[in-house]
Amino acid sequence: MSITKVAVAGATGRLGRHAVDVLAERGYQVVPMSRATGVDIITGEGLAEALTEVDVIIDVASWHASEQEAATEFFRTSARNLHEYGQKAGVARITVASIIGVDNATTGFLTAKKAHEELLLSGPLAVRILRAAQFHEFVGQLLDWQQGDVAYMPALPSQLVACRTVAEELVDLALDPAQPAPGTPIPEIAGPHKETLAEAAALLGARRGIKVVGVDGSGMPDAEIAAKGGFLPSPHAKLAGPTFQEWLDIQP
């Protein structure tokens, strides 16, 4: 099939904005879907119209909080609606961004994200999944949540990756005409080297005049699993820059 028109669910979000940019730069017709553009994938408002003549959906819509039950309900509804409306519109497939290590999660948002994968895979349309490491952009969010001149950050291992890098890989996967061979592991994208969230936060903190102190991260969901590397990329993952420091150097 020839793909010309791609809809992006969650188009105004952190990852969605980059996906829209990448598609537009490559000359595809892009349909940005978010409540800001009058499309609500939960209520279905504007969804049928938005998916008219769309070939592929890229789903990067996300729940805004980490509470497991609410996030799971959001993903359950969005998956059902994208399949239902997508099938009626003749969409070929859905490509979704997920998170590295969801198979290992036992609680919190990652467990909801694992349910999201399963809900999408159980629908009528073909589904492709890209699991990504935590974003560079997440580090600033963690710092924003803390007040004062000292921030306590989890010294948990990660392999941070830039949102733009994830968006490029996601678009490649969505548009790839080749069908993945049976038994092929779910593709993963991560940054070029391992570092703890505290180490990355210290680099950003230095710019903001904030002292970062590394802590064991015991307050975070599945911290013990994370400490053992449960959310680090698999051996088959694609590793791509920029590093966190390189990315930071080009931020305004």
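The rules we used
Residues numbered from 1 in each chain as written. Predicted model: local features only at pLDDT ≥ 70, side-chain atom pairs only at ≥ 80, totals over all residues. Heavy atoms only, no water. Buried < 20%, exposed > 50% of the residue type's maximum accessible area, 1.4 Å probe, protein only. Helix = DSSP H or I, 4+ residues; strand = E, 2+ residues; numbered from the N terminus. Contact = heavy atoms within 4.5 Å. Pairing = 2+ DSSP bridges. UniProt positions renumbered as here; feature names shortened; annotations may be inferred. Polar contact = N/O pair within 3.5 Å; in protein donor to acceptor, adjacent residues only side chain to side chain. Right-handed = clockwise from strand over helix to strand, strands pointing away. Core = buried A, V, L, I, M, F, W, Y, C linked by side-chain atoms within 4.5 Å.

### Thoughts on helix 5 (residues 136-144)
Reasoning step 1: Here helix 5 lies mainly inside the structure; seven of its nine residues are buried.
Reasoning step 2: The elements touched by buried residues of helix 5 are helix 1 (14-25), strand 6 (150-154), helix 6 (163-175), helix 7 (197-208), strand 10 (211-215) and helix 9 (244-249).

### Some words on the sheet that holds strand 11 (residues 238-239)
Reasoning step 1: On the basis of which strands lie adjacent, the open sheet formed by seven strands has the order 2-1-3-4-5-8-11 and parallel pairing. Bordering the open sheet on either side are strand 2 (29-33) and strand 11, each of which pairs with just one other strand.
Reasoning step 2: Bridge analysis of strand 4 (residues 93-99) against strand 5 (residues 126-132) gives seven bridges, and the strand direction is parallel. Bridging across to strand 5, Ile-99 finds its partner in Ala-132.

### Comments concerning the UniProt feature "domain: NAD(P)-binding" (unreviewed entry) in the protein chain
Reasoning step 1: UniProt tags residues 10-117 as "domain: NAD(P)-binding" (unreviewed entry).
Reasoning step 2: End C-alpha atoms of residues 10-117 are separated by 16 Å, and the span's content is 44% helix alongside 15% strand.

### Overview of the side chain of Asn-81
Reasoning step 1: Along the polypeptide, Asn-81 turns up in helix 3 (residues 68-89).
Reasoning step 2: Look at Asn-81 and you get buried, because its relative accessible area is 6%.
Reasoning step 3: A polar atom in the side chain of Asn-81 sits 2.9 Å from the backbone oxygen of Ile-42.

### Overview of the pairing of strand 5
Reasoning step 1: Of all seven residues that make up strand 5, six are buried, and the element is covered over most of its length.
Reasoning step 2: After leaving strand 4, the chain enters helix 4 (residues 108-121) and then returns to the sheet as strand 5, a path that is right-handed.
Reasoning step 3: As defined by bridge partners, strand 5 adjoins strand 8 (residues 188-190) across two bridges and the pair is classed as parallel. Bridge pairing in strand 8 links Ala-132 to Ile-189.

### A look at the pairing of strand 4
Side-chain positions along a regular strand alternate between the two faces of the sheet.
Reasoning step 1: Most of strand 4 sits out of view: six of its seven residues are buried.
Reasoning step 2: As paired strands, strand 3 (residues 56-59) and strand 4 are joined by four bridges and run parallel to one another. Residue pairing across strands places Ile-57 opposite Ile-94, the latter belonging to strand 4.
Reasoning step 3: In this fold, strand 3 hands off to helix 3, which returns the chain to strand 4; that crossover is right-handed.

### Structural notes on unusual backbone geometry
Reasoning step 1: Cis geometry is adopted by the peptide bond preceding Pro-242, which originates at Gly-241 and carries an omega value of 5°.
Reasoning step 2: Tracing the backbone through its elements, the reader meets Pro-242 in the loop between strand 11 and helix 9.
Reasoning step 3: Even without glycine at this site, Glu-53 takes up a positive phi of about 65°.
Reasoning step 4: On the secondary structure map, Glu-53 appears in the loop between helix 2 (47-50) and strand 3.
Reasoning step 5: For Glu-53, a relative accessible area of 63% translates into the label exposed.
Reasoning step 6: Positive phi, close to 55°, is recorded for Asp-222, a residue that is not glycine.

### Some words on the nonpolar core
Nonpolar side chains tend to gather and get buried jointly when the protein is soluble and globular.
Reasoning step 1: If you look at the biggest cluster of nonpolar residues, it comprises 30 residues, and the most contacted ones within it are Val-8, Ile-58 and Val-166.
Reasoning step 2: Secondary structure elements with two or more residues in this core: strand 1 (5-9), helix 1, strand 3, strand 5, helix 6 and strand 8.
Reasoning step 3: Per element, the largest residue contribution to this core is eight residues, and it comes from helix 6.
Reasoning step 4: Ala-7, Ile-41, Ala-112 and Leu-125 belong to the second largest nonpolar core, which has 26 residues in total.

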